[in-house]
Amino acid sequence: AQKITQTQPGMFVQEKEAVTLDCTYDTSDPSYGLFWYKQPSSGEMIFLIYQGSYDQQNATEGRYSLNFQKARKSANLVISASQLGDSAMYFCAMREGHLEGAQKLVFGQGTRLTINP
Amino acid sequence: GAVVSQHPSWVICKSGTSVKIECRSLDFQATTMFWYRQFPKQSLMLMATSNEGSKATYEQGVEKDKFLINHASLTLSTLTVTSAHPEDSSFYICSARSSYLQSNQPQHFGDGTRLSIL
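As the structure is a computational prediction, the values presented were derived from the model and not from experiment.

Criteria and thresholds
Residues numbered from 1 in each chain as written. Chains lettered and ligands numbered in written order. Predicted model: local features only at pLDDT ≥ 70, side-chain atom pairs only at ≥ 80, totals over all residues. Heavy atoms only, no water. Helix = DSSP H or I, 4+ residues; strand = E, 2+ residues; numbered from the N terminus. Rg over C-alpha atoms; globule rule 2.2 N^0.38 Å. Contact = heavy atoms within 4.5 Å. Lys, Arg positive; Asp, Glu negative; His and termini not counted. Charge placed at Lys NZ, Arg CZ, Asp CG, Glu CD. Buried area = accessible area lost by both parts, 1.4 Å probe. Salt bridge = Lys/Arg side-chain N within 4 Å of Asp/Glu carboxyl O. Polar contact = N/O pair within 3.5 Å; in protein donor to acceptor, adjacent residues only side chain to side chain.

*Asks:* When you look at the overall build of chain A in this model, what are you seeing that I'm missing?
*Replies:* Helix and strand content of chain A: 0 helices and 12 strands. Reading chain A from its N terminus to its C terminus gives the helix and strand order β-β-β-β-β-β-β-β-β-β-β-β. Relative to its length of 117 residues, chain A is compact, with a C-alpha radius of gyration of 14 Å against a globular reference of 13 Å. With respect to the three principal axes, the spread of C-alpha positions in chain A is 45 × 30 × 25 Å. Contacts spanning at least 24 positions in sequence make up 55% of the contacts within chain A whose residues lie at least 6 apart. Distance from the positive charge centre (10 side chains) to the negative charge centre (11 side chains) of chain A: 3 Å.

*Asks:* What am I meant to see in the interface of chain A and chain B here?
*Replies:* Much of the literature gives interface size as the accessible area that the parts lose upon coming together. Across the boundary between the two partners, chain A contributes 20 residues, which contact 24 residues of chain B. Carbon and sulfur atoms supply 51% of the area buried between chain A and chain B, which totals about 1700 Å² over both sides. Three residues, Met45, Gln103 and Lys104 of chain A, lead the burial of chain A against chain B; their summed loss comes to 29% of the area buried on that side. Where chain A meets chain B, there are 1 salt bridge. Taking the shortest distance from any N to any O, the salt bridge between Lys104 of chain A and Glu59 of chain B comes out at 3.3 Å. Where chain A packs against chain B, one counts 5 residue pairs in polar contact (both at pLDDT 80 or more).

The structure is reproduced here in structure tokens:
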């Protein structure tokens, strides 16, 4: 079964608008972490934001915020005031467990975001 | 911030050649590094976890004799694709975590290697 699901293969948004990229996850471990990465066409993976399962507040990093709904097992990425440079693939990923050895990341299928001028 | 260097960034070689890809953590020590494979328009799939001083842990379906991993120091892991064939053509990307980071800290990725086997 898919542990991380991103249901939007592609999103098209007008510049300066806000955009929400969906991510749902499946785990029975009470301790887990959720990550969002951006992958431009050049291929590098750029870390955007992190949310821990025990975090009480939604994570925010500049124009990025994470809408964490634990009961629904969703961790949607919100990008405010989108810019042309935001066009890229976006991956949601999950790390299960809290022990030092629990470091593996499982990635979703990704969403290709295109910002139109 | 933490930097991971991956080399080479692009390789084209003939079928049957073995190709070595290096992954270095430049400003931190990494007891664990990860190797991923990404086909065009697909997600990253974990191939193996590279542990300094011990054998790598391979994911199900990944041939350990085909993809040799060596993690000889706290700053270097290498992936060797042995006797590469066209179906091995892919984007290979490594990541690393500092030994001293808490579990909520992200992995830092190299820039990836585009491997094309003719």
